[in-house]
Amino acid sequence: TETKKDNWLIETDGIALGKVLTVEHVDHTRTLSNSVIEVFNVLGIEAARQSLIKEIWDVLGHYSIYVNYRHISTLCDMMT
């Protein structure tokens, strides 16, 4: 028999990534935060860099602006 797993989306204001990641049944591989400083404090510098890349990519994509990944990556390297 197949088991059906429900997925929930929780969107919050404020910062509590560390606490959210400790909640039972929260999939830490799909949990995001748009606070780069919080990501840095909880997960480290590489996660903060990836968070910056994702946020920039998402904003540019929203406006259909293409920027080569290498340029965004270099910018985020310098920021972190």
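Everything discussed here concerns the structure shown above.
Please read these numbers as outputs of a predicted model, since none were measured by experiment. (Residues numbered from 1 in each chain as written. Predicted model: local features only at pLDDT ≥ 70, side-chain atom pairs only at ≥ 80, totals over all residues. Heavy atoms only, no water.)

## Describing the layout of surface pockets
Here the largest pocket is characterised by a volume of approximately 1,200 Å³. Contributing elements (two or more residues each) for the lining of the largest pocket: α1 (17–20), α2 (36–43) and α3 (45–62). Taken together, the residues of the lining of the largest pocket break down into 14 nonpolar, 11 polar and 10 charged. (1 Å grid on protein atoms, 1.4 Å probe; cavity = no way out; pocket = protein on both sides within 12 Å on 5 of 7 lines; lining within 4 Å. Points joined across faces, edges and corners; volume = space filled by probe spheres on them. Helix = DSSP H or I, 4+ residues; strand = E, 2+ residues; numbered from the N terminus. Nonpolar A, V, L, I, M, F, W, Y, C, P; charged D, E, K, R; others polar.)

## Topic: the nonpolar core
Counting residues in each nonpolar core, the largest one holds five residues, listed as L52, I53, L60, I72 and C76. Put simply, the parts of the chain that give this core at least two residues each are α3 and α4 (69–79). Examining the composition of this core, we find that three residues originate from one element, α3, more than from any other. Sequence-distant contacts of L60, that is, excluding residues within four places in its chain, are made with I65, V67 and I72. (Core = buried A, V, L, I, M, F, W, Y, C linked by side-chain atoms within 4.5 Å. Buried < 20%, exposed > 50% of the residue type's maximum accessible area, 1.4 Å probe, protein only. Contact = heavy atoms within 4.5 Å.)

## Details of the environment of T31
Considering the arrangement of structural elements, one finds T31 in the loop between α1 and α2. Put simply, T31 and I10 are 21 residues apart on the chain and 9.6 Å apart in space, counted from C-alpha to C-alpha. At 2.7 Å, the side chain of T31 forms a polar contact with the backbone oxygen of D27. (Polar contact = N/O pair within 3.5 Å; in protein donor to acceptor, adjacent residues only side chain to side chain.)

## Structural notes on the pattern of salt bridges
Inspection of the entire model under this criterion finds three salt bridges. D27 is the partner of R30 in a salt bridge, and the nearest nitrogen-oxygen pair spans 3.1 Å. Among the residues examined, D27 registers a relative accessible area of 33% and is labelled partly exposed. D77 is the salt-bridge partner of R49, the closest N and O atoms lying 2.4 Å from each other. Of this pair, R49 sits in helix α3 while D77 sits in helix α4; the two residues are 28 residues apart in sequence, bridging distant segments of the chain. When its relative accessible area of 12% is taken as the criterion, R49 is described as buried. (Salt bridge = Lys/Arg side-chain N within 4 Å of Asp/Glu carboxyl O.)

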